[in-house]
Amino acid sequence: LIGEQGTVRWLPPATGEESGFRNKAKMVVTGTADEPVLGILGPHGVGVDLRDCALHSPGVLAALPVLAEFVTLARLEPYDVARRAGELKYLLVTESPDGELMVRFVLRSTEALARIRKHLAWLLAALPSARVVSLNLQPEPKAVLEGPREILLTEATTLPMRVNDVVLHLRPQSFFQTNTVVAAALYRQVRAWVDELAPGSLWDLYCGVGGFALHCAAPGRAVLGIETSGEAVASARISAAERGLHDVRFEAADATAAALASTAAPEVVVV
């Protein structure tokens, strides 16, 4: 914390548990459809199974064996980097504070789409916590986690992330902090600082799904969140609309360019 005279005061860090805290799993899928390996690529391109990784939240850990079974059921052939063959590249799983899940299959093409749809009812029955299921297409043979096209397979399109007294909506291609407990602590601290200053206007630059902007909203306070991801901005707008926040708006733009181009400055900026 920097004081008016430029003095720096170090505050205690926000901390959480050392295990079971990570709300998201990004699993590389290797092996075969009959015996899938979910984890990472080892030094020689061989898959290392991390289904029992202690960092993941309990809900994520419980979902991974079910998803491995689904890979076999739907005959999703894991992608082979060396041969550039196969379909399934990654499994991405996110758990909300309420225990609901977002499951994303990152595939090279739509070749397996019909089979995933065919067995989706089995997956939802075996994994009732799955709220959002989607297929992401990443056809490029390079180490890029996801592609631009997302095919939603469930009626629900967002995962509600209840943080403190705010519900943030997470769409498939939106970023969210992987440690919910620490994120909640950061949001509470910044809200306390902002409320102490009581500004009439605030910018949240690089706002993601709007966590800081929505926590700092107050009657009579004009809040603007700017984020380059259109998916994240769509998520933030849903959250603001649900809370009836008419003085909070979000724009999809480059935050630096938008700030520099503005003819007026807010009283507080969150970066």
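Novice: Could you clarify how one ought to interpret the sheet that holds strand 13 (residues 268-270) in this entry?
Specialist: Whenever strands of a sheet pair, they do so through backbone hydrogen bonds, lying parallel or antiparallel. As summarised here, the arrangement of the 4 strands in space is 12-11-10-13, forming an open sheet in which the pairing is parallel. The open sheet terminates on both sides in strands that have one partner only, identified here as strand 12 (248-252) and strand 13. For this sheet, the mean inter-axis angle between neighbouring strands, taken without regard to orientation, is 20°. Here 5 bridges tie strand 10 (residues 201-205) to strand 11 (residues 222-227), and the two strands are oriented parallel to one another. Bridging across to strand 11, Leu205 finds its partner in Ile226. The strands touched by helix 5 (residues 230-243) within the sheet are strand 11 and strand 12, with strand 12 carrying the most contacts at an inclination of about 165°.

Novice: Please explain the sheet that holds strand 7 (residues 149-152) as it appears in this structure.
Specialist: With mixed pairing, the 7 strands of this open sheet are ordered in space as 3-2-1-4-5-6-7. Both outer strands of the open sheet, strand 3 (47-49) and strand 7, are each paired with one neighbouring strand and no more. Between one strand axis and the next, the sheet turns by 40° as a mean value, whatever way the strands run. Looking at chain direction, strand 6 (residues 130-137) and strand 7 are connected through 4 bridges and run antiparallel. Within strand 7, the residue paired with Leu137 across the bridge is Arg149. Contacts from helix 2 (residues 113-126) reach strand 5 (101-107), strand 6 and strand 7 within the one sheet, and its direction differs from that of strand 6 by about 165°.

Novice: Where do I start with the packing of helix 1 (residues 58-73) against helix 2 in this structure?
Specialist: How two helices pack is summed up by the angle between their axes together with the distance between the axes. The interhelical angle for the contact between helix 1 and helix 2, taken along N-to-C directions, is 155°, at an axis separation of 10 Å. Compared by their axis directions, helix 1 and helix 2 come out roughly antiparallel. At the point where helix 1 passes helix 2, the crossing takes the right-handed sense. Here helix 1 contributes Val66, Leu67, Glu69, Phe70 and Leu73 to the contact with helix 2, which in turn contributes Ile116, His119, Leu120, Trp122, Leu123 and Ala126. For the contact of helix 1 with helix 2, a count of residues per class yields 9 nonpolar, 1 polar and 1 charged.

Novice: So what exactly am I meant to see when it comes to the packing of aromatic side chains here?
Specialist: The geometry of an aromatic ring pair is captured by two quantities: the separation of the ring centres and the angle between the planes. For the structure on display, the rule yields 3 aromatic pairs. One aromatic cluster is present, formed by Phe70, Phe105 and Trp122 through successive ring pairs. The ring of Tyr79 carries Lys89 above its face, with NZ or CZ at 4.8 Å from the centroid.

Novice: Which parts of the structure should I look at to understand unusual backbone geometry?
Specialist: Peptide bonds are mostly trans, and most non-glycine residues show a negative phi. Backbone geometry places Arg75, a non-glycine residue, at a positive phi of 55°. The topology assignment puts Arg75 in the loop between helix 1 and strand 4 (88-95). Taking relative accessible area as the criterion, Arg75 reaches 38% and is therefore assigned partly exposed. Phi is positive for Asn164, close to 55°, though the residue is something other than glycine. The exposure class of Asn164 is partly exposed, given its relative accessible area of 28%.

Novice: What's the story with helix 1 in this structure? I'm lost.
Specialist: Taking 1.5 Å per residue, 16 residues should reach 22 Å; helix 1 reaches 24 Å between its end C-alpha atoms and fits that length. Roughly 25° is the biggest bend found in helix 1, and it falls at Leu64, with proline Pro65 one to four residues downstream. Its buried side turned inward, helix 1 meets strand 1 (24-31), strand 2 (36-41), strand 4, strand 5 and helix 2. Count one or two residues on from helix 1 and you reach Arg75, which has phi positive near 55°.

What counts as what
Residues numbered from 1 in each chain as written. Predicted model: local features only at pLDDT ≥ 70, side-chain atom pairs only at ≥ 80, totals over all residues. Heavy atoms only, no water. Pairing = 2+ DSSP bridges. Helix = DSSP H or I, 4+ residues; strand = E, 2+ residues; numbered from the N terminus. Axes fitted to C-alpha atoms, helices over the stretch in contact; angles between N-to-C directions. Contact = heavy atoms within 4.5 Å. Parallel < 35°, antiparallel > 145°, perpendicular 65-115°, else oblique. Left-handed = near helix turned anticlockwise from the far one by under 90°. Nonpolar A, V, L, I, M, F, W, Y, C, P; charged D, E, K, R; others polar. Phe/Tyr/Trp six-rings, centres within 6.5 Å; stacked < 30°, edge-to-face > 60°. Lys NZ or Arg CZ within 6 Å of the ring centre and 35° of its normal. Buried < 20%, exposed > 50% of the residue type's maximum accessible area, 1.4 Å probe, protein only. Expected span 1.5 Å × (residues − 1). Bend = angle between axes of the 7 residues up to and from the residue.

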